Amino acid sequence: MPFLVERGTFFVPTNYFQFFCIFDSIEFLELLNMSTIQREDIHLIARNSDIPTDETQQLLKKHVYTNAHDWKKFLQLFSISAGTGFVVFGIVFFFAYNWADLHKFVKLGLIVALLLTATTIALLPTVKVLIQKIALTFAVAFIGVLFAVYGQIYQTGANAYDFFLAWTIFATLWVVVGNFSPLWLIYLVLLNTSLVLYAEQVAENWSEILVYTLLVVLNALFYIIATRYFKEQTPTWLLHTVGLAIAFCATIGVIAGIFSGFKIEFLFLLLIATSLFGGGIWYGLTSKSSYLLAIIPFCIIAICSALMFKISNHELMFFAVSIFVIGSVTFTIKNLFNLQKKWAHENK
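Residues numbered from 1 in each chain as written. Predicted model: local features only at pLDDT ≥ 70, side-chain atom pairs only at ≥ 80, totals over all residues. Heavy atoms only, no water.

**So, the side chain of Q132**
Looking at the element boundaries, Q132 is found in helix α6 (residues 129–154). Setting aside residues no more than four positions away along its own chain, Q132 makes contact with I121, A122, L123, L124, P125 and V127. (Helix = DSSP H or I, 4+ residues; strand = E, 2+ residues; numbered from the N terminus. Contact = heavy atoms within 4.5 Å.)

Structure representation (structure tokens):
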């Protein structure tokens with residue numbers, strides 16, 4: 001809702017302020033420092049008030065620009081994540097290399113001990129929250145290792161589909177409780193893998209287009225729920241990764257449908273892909289996300305190129321597709337640069 005103050009009329013997000021009253025720039029700065037401020041909010045208020053430019057730059061440096069503390073935090077998280085991955089891979093390679101020399105009870109005992117250790121660390125109240133979530137990520141990885149070792153020892157007959165499905169089911173509770181972005185990414189990878197392997201090993205009558213349709217729907221539901229209800233808790237890198245997976249599955253599915261024939265499932269996938277691409281462009285324009293506005297046009301270019309090859313595979317068509325790709329990519333990049341300039345001008 002708009003708030004009328006002595007220095008002008010401008011709009012302030014209601015989730016930032018319950019009561020708004022500014023009399024000078026000093027009070028304004030103190031009030032802003034009480035909330036999480038984004039670049040758009042600072043530019044919006046600066047355009048409609050008489051706040052000095054140097055004070056605006058100070059706010060941007062404090063709340064928006066990356067500083068030494070942010071880089072230190074990023075490097076810390078990156079190092080912890082890389083270390084976690086290396087440790088998990090090291091454990092897997094350890095079992096793979098020493099498989100023949102280890103007794104079956106030693107194999108299971110080591111994995112169970114590691115699983116219990118990681119779970120215990122995740123439950124300790126004195127441990128930092130980040131360490132708890134990383135330990136929970138270890139535990140989820142050890143679940144998969146435990147199932148794999150158990151299946152190899154006792155030859156349970158479980159194929160890859162059963163393995164990934166069991167891993168997904170038993171990890172669900174910990175993923176929800178942990179609410180850690182890397183865990184959600186691992187969980188989404190497990191869901192996609194289980195679906196693909198189920199289609200290959202059980203539902204053999206499922207067409208390739210149907211599998212891509214289900215993958216698009218699965219990832220799109222995750223993306224929509226994350227942006228609609230958990231946008232503040234979901235990091236940008238996770239949304240970008242899921243968005244790239246959606247675009248890839250939709251593009252490959254539509255291209256496969258173009259060359260395999262216009263069947264019912266292809267028309268359904270085409271409708272879903274058109275809706276998602278249109279919604280993605282609208283969301284990219286409203287949220288000023290150049291990432292979506294870069295991915296979706298390139299997906300459309302790939303689909304149009306496949307359609308042209310479907311019409312004809314003559315040598316002239318190769319030349320026409322080359323001209324089309326060069327022209328469309330140039331047009332897309334030019335418009336992206338224009339949008340970036342427009343958004344930068346609006347923020348001044």
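On we go from here.
**A few points about the side chain of S194**
Mapped onto the elements, S194 comes out in helix α8 (residues 181–201). In terms of polar contacts, S194 uses its side chain to reach the backbone carbonyl oxygen of F164, at 3.3 Å. If sequence neighbours within four positions are ignored, S194 has contacts with Y161, F164, L165 and T168. (Polar contact = N/O pair within 3.5 Å; in protein donor to acceptor, adjacent residues only side chain to side chain.)

**Quick look at α8**
For α8, spanning 21 residues, the distance from its first C-alpha to its last is 30 Å, which sits close to the expected 30 Å at 1.5 Å a residue. Along α8, the residues classified as buried are S181, L183, Y187, L188, L190, N192, S194, L195, L197 and A199. If you follow the buried residues of α8, they end up packed against α6, α7 (160–178), α9 (208–229) and α10 (236–260). (Expected span 1.5 Å × (residues − 1). Buried < 20%, exposed > 50% of the residue type's maximum accessible area, 1.4 Å probe, protein only.)

**Some details on the packing of aromatic side chains**
Summed over the entire model, instances satisfying the criterion amount to 10 aromatic pairs. Ring geometry for W184 against F222: centres 6.1 Å apart, planes inclined by 50 degrees, an arrangement best described as tilted. On the criterion of sequence distance, the pair formed by W184 in helix α8 and F222 in helix α9 is long-range, its members being 38 residues apart. We classify F222 as buried; its relative accessible area is 19%. Taken together through their ring pairs, the aromatic side chains of Y161, Y198 and W206 make up a single cluster. (Phe/Tyr/Trp six-rings, centres within 6.5 Å; stacked < 30°, edge-to-face > 60°.)

**Examining unusual backbone geometry**
For N179, which is not glycine, the phi dihedral falls at a positive 50 degrees. Tracing the backbone through its elements, the reader meets N179 in the loop between α7 and α8. On the accessibility criterion, N179 (46% relative accessible area) is partly exposed.

**Here we look at the environment of V254**
Tracing the chain through its elements places V254 in helix α10. V254 sits in the buried class, given a relative accessible area of 2%. Beyond its immediate stretch of four places on either side in the chain, V254 contacts F266, L269, L270, A273 and I303.

**Some thoughts on a nonpolar patch on the surface**
On the surface, a nonpolar cluster with roughly 490 Å² of combined accessible area is contributed by V217, L221, I225, Y229 and F230. L221 gets classed as partly exposed once you look at its relative accessible area, which sits at 48%. (Patch = residues over 30% accessible without salt bridge, like charges linked within 9 Å, V, L, I, M, F, W, Y side chains within 5 Å. Areas by Shrake-Rupley, 256 points an atom, 1.4 Å probe, with all protein chains shown as cover. Salt bridge = Lys/Arg side-chain N within 4 Å of Asp/Glu carboxyl O.)

**Notes on the nonpolar core**
Note on soluble globular proteins: their nonpolar side chains tend to be buried together. In terms of nonpolar packing, the biggest core is built from 33 residues, with V216, V242, V254 and F277 touching the most fellow members. Of all the elements in the fold, those that place two or more residues in this core are α8, α9, α10, α11 (264–287) and α12 (290–311). When sequence neighbours within four positions are dropped, the list of residues in contact with V216 reads I246, C249, A250, L269, I272 and L276. Among the nonpolar cores identified, the runner-up in size contains 26 residues, and A122, I153, A171 and L190 belong to it. (Core = buried A, V, L, I, M, F, W, Y, C linked by side-chain atoms within 4.5 Å.)

**So, α9**
Residues lying three or four places apart along an α-helix face the same way, a consequence of the helix completing one turn every 3.6 residues. The terminal C-alpha atoms of α9 lie 32 Å apart, and with 22 residues this matches the ideal 32 Å at 1.5 Å per residue to within 8%. Those residues of α9 hidden inside the fold are in contact with α8, α10, α11 and α12.

Honestly, it's all geometry; don't read function into it.
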